[in-house]
Structure formats: structure tokens, C-alpha cells
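# An overview of the molecular structure
Okay, here's what each chain looks like letter by letter:
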Amino acid sequence: MTAPAWLDVLNETLDACAAHGRADLAERLRRRRDQRVPGTRIAVVGFPKQGKGYLLNALLNAPVCAVGDASTPAVPTEIGYAPDAAATLVGHARESVPVAELAKELEIRPPGSLRRVEVGLPRELLGTGLVLVDTPAIGDPRSPRTAATLDVLADAHAVILVSDATQELQPAELALARHIRTWCPALVLALTKIDVSPDWRELAARNRTALSETGVVADVFPVSATVRQAAAKAGDAGLNGRSGFPELLNWVGEQASRPIERTRALAAAVSVRAAAVELVETLQTRLNAVSQDNGVDQVTLLHQAQRRTEELRRQNVRWQNLLSDEITDLVSDAEYDLRERTRQIVRHIDRTFDEGDPVQIWPDFQTWLEENLAEAVETNYNWVSDRSTWIAHAVATSFGPRYGQAPELPLTGSGVDSIPEVGAPKIERFKIGQKLFTGLRGSYGGVLMFGLVTSLAGLPLINPVSLGAGVAFATKSVRDEGGMRLQRRQALAKAAAQRHVDDVFIRFSKEIKDEIRQVQRRLRDHFAALSDDLAEELTRQRELIIAGSAERDRRTQRVKKEIDRLAALHRKAGALGSGAAPRRELSA
């Protein structure tokens, strides 16, 4: 036996629904495919108090459905053909009840105990296998009654939407009609209670217009169950014709007389096209989002990456120039700072030894000199360290706040611990023997010079005057010799101290320059590595963007291909049956 053409299309669409994660659509199609009912199923739906029960009873000429103030069943009632009237309650088990007692039985059943009700009637209308399904009234979308009615629509081949003639179709009814027409090949609007609405003709016209404007293809049949029942009691064919039921029965008969395979093909075609439309709309939304990302955001990202690369190139030049300039200035400033500090020490040395005798003050002076030289060198080191840290932060700031971490820059030089001790100069003391010898040498000249002068006066060479002059000359000679010796000691001490200061300056000037060079190398290596990391990161970002664009292109092509496949299914479904399918064609 060859499988019908609609089955292949339906199966392919079902697989597409499952592949795209639409389990709800797949379940609808699966129910269409697996449906094994022998005849046509027509569902009768409507909102509360629209005359749905009266309509069905009038169609069947039997009081099967609850009417009036009786509560509407919460489960569907399937009415089919049976030689004898019978009713079965289907819950956890099947229970037969008299048809006359059906309404009463349904009222006393607890909610949730039944799944459906099956009623058999010996009616010629049902003889072809037709099943009329009375559904619970539609109300709150979240209520179980509404859910049960929508579930019945998934298996229905045709639907009678019931609305009374006291008012025009409400937006909720139009929305329900559009939903039914999307998934069901046949729909009619039964406009009930026309016997109590004198303006039902105008109302029917307005409802036809509203349905047409909503895009729903459906006939409108104005009917009156009251007139139908009165005509049945009176056997009045003319009155029955004015009830409007003959036209509705003709439509039901057309649905029932159609071969069931043809009916299933139409239902499958409509379901496939509806599912395809929903899938294509979802894919089209995804495609638009991908196109937007690919068309705008990806170009923007590439431009941003290119701008960051160019900015990084300029940044490399800036930080290298900044580091070079600051290091050059630091070398000059550090040398000048140390020079200025040592010059102050030298000026203090001059003042000290201009006034003091090195023999007496040298020990205290030596301590002072060592302490001040150590302080000068330490201060210079600390200043260079602070300035190096500032340079590091200045360079780091040029990379932006994200990369503003500067490396630690400890100075590794020997510093004050390596300052040599001040060497004491060789100071010549003016000893007692030297003073006696100098005094005797000076007194000899005084005694001789004044002794010769006083000898002219008849006095001996050595006399009190010459001796007094000898003492004066001896004293002066000792004082003069002491002064000259003091100047020599002061000059010698100055020279020794200044030489020591120069030695310290030369040594630590060299050391501090070496330290600054080390700082420059560490900063250069650190920020060069950071720059390389940034360049590598930008390269990876560009590669990811380019790879992402290629992936998005491939994804776009896959989505377009899938839309084309669904559009082909949509066209195939349209070819399965005319009149039942929407006319809008799909494309990518």
C-alpha cells in the first residue's frame, strides 16, 4: 500500500519542528498523522451563553447537550452514530449511562474524574461516520475548560463557531476564529438566537465584514434553534427553512460526505502550512538578528579593533619617548642634586677650618662629615627612588587605567653602607722642643741686635735690655711659627676633607647613574612586554571577530537554506488541497 503524499510532507515538517525545538507544533502534527478516526470530526465551540447546546440539540433533534441554566460539561462530548441511543462516561474506566440522565450524571461527577463523554445516536446525519464534538465553553485562557476545547481543535476537521445575534463578534471571538482557521481547513460561524434579534441580518453582514478584515475565510449561517424545534413539532418545512438550519446542515453534510482520506489530506495541509509559517517566522527573526550582528556590530567591532591597534602603535611611541625623556632628566637632576648637597658640605668645611685648628676639632669634624655625607647620599637615593616610581606610574598611565599597574623599583646600589671613612690628614703638631728651638733662634737675634746697640753706650753685650729684647723676639718667633703651622694644618685638613667629598661624589654619582639606567631597563622591559601582550590580545580579538563573522555567515546560510526548505514544504502542502490553505507564500 502506497503512503499518501500528504504523509511524507507532514512527516518532514514534523521532523523540522522537532529539530527547531517546537515540541508543541510537533505534537499537533503527530496527532494529525496518527489520527485513525473513521469519519469527519466537527467541533462546536463558543464562549459561554451563546446557544451552543441549543444548536447541537437542534442539529440532532435530540436533547443531548446541557441547555439553559444547566452547567456546561467540563469535558468534550463526542456524538457519533449508534443504532441505539447510548452514553458513555470515559474516565479511568468506561461507564454507560442513559442519555436522558447524561446531564444529571455530569453535574454530580467531581472535576477531573472524566476525560470525555461519548454519545451514540441513531441519526442519519451521523451515519457516514461524522462525529460532532460539543466542547466546554471557552473563557479564561488559563482554565482547564479552555485547554480542553483547544485540545479538541487539534483533532477537528471542521469547526462550527457559535455566537449569538445579540451583539457583533468580540475581539476574543475574532482571535479564536483566526486561530481555528489557521489550523483547521473548514470553519463556519453559526449566528444563533436570530429569533430574538430583529437586526440579525445587519449583524450577520457586519460579522462577515469583520471576519473578512481579520483574514478569516468562513461562511456565516444565521440560525434559530427555537424556530427549528417549533418547526419539528409542527412538521412545518417552511418554518424549518426560516430557522436557517437547512443551510447549516448542508454544510455539515458536505463535510461529512467528503472522503475521509481527502479530509485528512486537507487537515494535514493546513497544519503543515501553519507549522511552516510559525517556523519560518521564528527563523526569519533569528536571521534578521544575525544579519544585524553581521552587518553593523561586526563591522563596528572590526573598526574598533583596528582603532585600538593604531592607538597602541602611537601609544608605544609615546611611552618610549616619555620614558627616555624622564630618565634623561632624572640623570641630570640626580647628579645636580648630589652635587649641590656636597657643595654645601664643602662650604661648611671651608668655614670650619678657616676658624678652627684641625688638631683640636678633627675628631668631631670627622663624625660630622661622615654623617652629612651619608645623609646627602641617602637623601639623593631616596629622591631618585621616588622619582623613578613617579616615572613608572606616568608611563603606566599612558596605557590607560586598565593597565595602570607599575612595577616595583627597588634600588640595588650599596648606598650609605658603602661610604668610606674619612682619612685623617697628617697633621704636624707644634711641639715644646720646636717651640724652644724657635724661641732661642728668635731670642738670639734680639739679644745680639740690642746688645750691639747698647754696647755703644758702654753696656756689655748681654745686659737687661738685650735680654728683654731677646725674650720679646723669642715670643714673636714662636707665635709666628705657630700661626704658619696652623695655616698649613688647616689647608691640609681642607684638602683632605674636600678630596674625600669629591671621592664620595664621584663614586655615588656613578652609582646613582647606574641605578637609574637599571630602572630604565626594568621599565622598558616591563612596558615592552605589556605592549606585546596588548598587541597579541588585539590580534586574537580580530581573529575571533573574523572567525565569528565567518561562522555567522555560515549560520545565515544554514538559516536561509532551512527557510527555503520550509517554504518548499509550505508549497507542497498547498498543493495537497486547495481552499483550505492560507494564500501567503513563504520565502527567505
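Sequence order sets the numbering: in each chain, residues are counted from 1 along the sequence as written. The model is predicted, so local features are restricted to residues of pLDDT at least 70 and side-chain atom pairs to those at 80 or more, both for listing and for counting; the totals for chains, interfaces and linings are taken over all residues. Based on all heavy atoms of the structure, the side-chain values leave hydrogens and waters out of the count.

This paragraph deals with the packing of helix α1 (residues 5-19) against helix α14 (residues 464-576). At a minimum axis separation of 10 Å, α1 and α14 run at an interaxial angle of 150°. Taken together, the axis directions place α1 and α14 in an arrangement best described as roughly antiparallel. Two packed elements cross with a definite hand, and for α1 against α14 that hand is left-handed. Packed against α1, whose contacting residues are A5, W6, V9, E12, T13 and A16, the element α14 presents E562, R565, L566, L569, K572, A573 and L576 at the interface. Fitted lines through C-alpha atoms serve as axes, helices being fitted only where they are in contact, and the angles separating the N-to-C directions of these axes extend from 0 to 180 degrees. Secondary structure is summarised from DSSP: a helix means a run of H or I of at least four residues, a strand means a run of E of at least two, and numbering begins at the N terminus for each. In this scheme, roughly parallel covers angles under 35 degrees and roughly antiparallel covers those over 145, while 65 to 115 is roughly perpendicular and the rest are oblique. We call a crossing left-handed when the near helix sits turned anticlockwise from the far one by less than a right angle, and right-handed when that turn is clockwise. Contacts: residue pairs with any heavy atoms within 4.5 Å of one another.

Within the largest apolar cluster, 41 residues are counted, with the highest numbers of intra-cluster contacts made by I349, L369 and F527. Breaking this core down by element, the ones donating at least two residues are α11 (260-355), α12 (358-397) and α14. A total of 14 residues in this core trace back to one element, the largest contributor, which is α14. Here L369 is in contact with I345, I349, V422, A497, H500 and V501, once residues within four sequence places are set aside. Remark: nonpolar core denotes a set of buried residues (Ala, Val, Leu, Ile, Met, Phe, Trp, Tyr, Cys) joined through side-chain atoms within 4.5 Å. Exposure categories follow from relative accessible area, calculated using a 1.4 Å probe and restricted to protein chains: below 20% of the type maximum is buried, above 50% is exposed, and the middle band is partly exposed. With 40 residues, the next largest nonpolar core counts I79, V99, L130 and V188 among its residues.

With that out of the way, let us pick up empty space enclosed by the protein. In this analysis the probe radius is 1.4 Å and the grid spacing 1 Å, with only protein atoms considered; a cavity is a set of points the probe fits into but cannot get out of, a pocket is an open set with protein on both sides within 12 Å along at least five of seven lines, and lining residues have an atom within 4 Å of a point. Grid points are joined across faces, edges and corners, and a volume is the space filled by probe spheres set on the points. One pass over the full model with this rule turns up one cavity of 30 Å³ or more. Here the largest cavity is characterised by a volume of approximately 40 Å³. As for the largest cavity, its lining consists of V64, C65, A66, P73, T77, L102, A103 and L106. Per-element accounting of the lining of the largest cavity gives the leading share, three residues, to helix α4 (residues 102-108). Of the residues that constitute the lining of the largest cavity, the class distribution is seven nonpolar, one polar and no charged. Under the scheme applied, nonpolar residues are Ala, Val, Leu, Ile, Met, Phe, Trp, Tyr, Cys and Pro; charged residues are Asp, Glu, Lys and Arg; polar residues are all the others, including Gly.

Quick look at the sheet that holds strand β5 (residues 114-121) now. Paired strands, in this sense, are two strands between which DSSP finds at least two bridges. Taking strand neighbours across the sheet as the criterion, the nine strands line up as β4-β3-β5-β2-β6-β1-β7-β8-β9 in an open arrangement whose pairing is mixed. Strand pairing shows two members of the sheet lacking a second neighbour, β4 (94-97) and β9 (219-222), which therefore form its edges. Each strand axis lies, on average, 25° off the axis of its neighbour in the sheet, ignoring direction. With respect to the sheet, helix α3 (residues 52-60) is in contact with β1 (41-46), β2 (77-81), β5, β6 (131-134), β7 (158-164) and β8 (187-192), its orientation differing from that of β1 by roughly 145°. Along the sheet, helix α5 (residues 144-153) makes contact with β1, β6 and β7, crossing β1 at roughly 150°.

Take the confidence of the model for the protein next. Taken as a whole, the protein shows an average pLDDT of 85; of its residues, 93% reach a score of 70 or greater. pLDDT is a residue-level measure of predictor confidence that goes from 0 to 100. Residue range residues 579-583 is modelled with pLDDT below 50. Its contacts to residues more than four positions away, or to other chains, number twelve contacts.

Moving on: the pattern of salt bridges. Should a side-chain nitrogen of Lys or Arg be within 4 Å of a carboxyl oxygen of Asp or Glu, the pair is scored as a salt bridge. This structure, assessed with the given rule, holds 33 salt bridges. R31 is paired through a salt bridge with D151; the nearest N and O atoms lie 2.4 Å apart. Note that R31 is positioned in helix α2 (residues 23-34) and D151 in helix α5, a separation of 120 residues in sequence. R31 sits in the partly exposed class, given a relative accessible area of 21%.

If you check α1, its first and last C-alpha atoms are 22 Å apart, about what 15 residues at 1.5 Å a residue would give, namely 21 Å. Taken together, the buried positions of α1 are W6, V9, L10, T13, L14, A16 and C17. Angular distribution of buried residues about the axis of α1 spans 160°; they occupy a single face of the element. Facing away from the buried surface of α1 by more than 90 degrees, the exposed residues are D15 and A19. Downstream of α1 by one or two residues, G21 has phi in the positive range, about 75°. Take the residue count of a helix, subtract one, and multiply by 1.5 Å to get its expected span. Picture the helix axis, draw a direction to every C-beta atom, and the arc is the one those directions span.

Turning our attention to the packing of aromatic side chains. Stacked, tilted and edge-to-face are the three classes assigned to paired rings of Phe, Tyr and Trp, where Trp is represented by its six-membered ring and a pair needs centres within 6.5 Å; plane angles under 30 degrees give stacked, over 60 edge-to-face, the rest tilted. Within this structure, the stated rule accounts for six aromatic pairs. Relative to F365, the ring of W362 lies with its centre 5.2 Å away and its plane at 45°, an arrangement referred to as tilted. Of the two residues, W362 and F365 both sit in helix α12, three residues apart, roughly one turn of that helix. Assigned by exposure class, W362 and F365 land together as buried. Here the aromatic residues F353, W362, F365 and W368 are joined through ring pairs into a cluster of three or more. Only lysine NZ and arginine CZ atoms are considered, and such an atom sits over a ring when it is within 6 Å of the ring centre and within 35 degrees of the ring normal. When the ring centre of W183 is taken as origin, the NZ or CZ atom of R28, which lies over that ring, is 4.5 Å away.

Take α2 next. In this model, α2 (twelve residues) spans 16 Å end to end at C-alpha, consistent with the 16 Å of a helix rising 1.5 Å per residue. Of the residues making up α2, those classed as buried are L25, A26, R28, L29 and R32. The buried residues of α2 all sit within an arc of 160° when viewed along its axis, so they share a single face.

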